[in-house]
Amino acid sequence: MVRSYKLFMYDGNRFLKAFDTGEIAEVIDVDGDGYPEVVEFLGNRGSASGRARIWIWQRSQFKLLTTVPISELYSEKVFSLLANASKSVTTKTNP
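Remember, predicted model here, so these are calculated numbers, not experimental data.

Now for the sheet that holds strand β5 (residues 51–58). Strand order in the open sheet formed by four strands is β3-β4-β5-β6, and the pairing between neighbours is antiparallel. Strands with a single pairing partner mark the edges of an open sheet, and in this sheet they are β3 (24–28) and β6 (61–69). Between one strand and the next, the sheet's axes are offset by a mean angle of 25 degrees, whatever the strand orientation. As paired elements, strand β4 (residues 37–42) and β5 share five bridges and run antiparallel to each other. Following the sheet pairing, Phe41 is matched in β5 by Ala52.

In structure tokens form, the structure reads like this:
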């Protein structure tokens, strides 16, 4: 059986596909900043050899930030990458 995980975002007028994968994925606020990331699990999540891709929201879609061993998902390295990425993202605000 082939699995497909899709995430849709509403832009105020319609739903748009923002993320699509055949792997197990979860929407998690990894660093607790109030902005969720998509964590895509590669391999067995319970295995020491498992890896995770971390996707961040940039403009109108999720973009790959990094791939790390699952054991490093909540590491200072990942928190630093997320902090640096959030500084470079331009956000659209409503007046």
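Moving on: the packing of aromatic side chains. Inspection of the entire model under this criterion finds four aromatic pairs. Ring centres of Tyr10 and Phe15 lie 4.8 Å apart, and the angle between their planes is 50 degrees; this geometry places the pair in the tilted category. By relative accessible area, which is 58% here, Phe15 ends up exposed. Relative to Trp55, the ring of Phe19 lies with its centre 5.2 Å away and its plane at 70 degrees, an arrangement referred to as edge-to-face. You can see Phe19 sitting in strand β2 (residues 15–21) and its partner Trp55 sitting in strand β5, a full 36 residues away along the chain. Given the relative accessible area of 18%, Trp55 is considered buried. Through pairs of rings, three or more aromatic residues link up here, namely Phe19, Trp55, Trp57 and Phe62. Over the ring of Phe41 we find Arg45; its NZ or CZ atom is 5.0 Å from the centre of that ring.

The rules behind these values
Residues numbered from 1 in each chain as written. Predicted model: local features only at pLDDT ≥ 70, side-chain atom pairs only at ≥ 80, totals over all residues. Heavy atoms only, no water. Pairing = 2+ DSSP bridges. Helix = DSSP H or I, 4+ residues; strand = E, 2+ residues; numbered from the N terminus. Axes fitted to C-alpha atoms, helices over the stretch in contact; angles between N-to-C directions. Phe/Tyr/Trp six-rings, centres within 6.5 Å; stacked < 30°, edge-to-face > 60°. Buried < 20%, exposed > 50% of the residue type's maximum accessible area, 1.4 Å probe, protein only. Lys NZ or Arg CZ within 6 Å of the ring centre and 35° of its normal.

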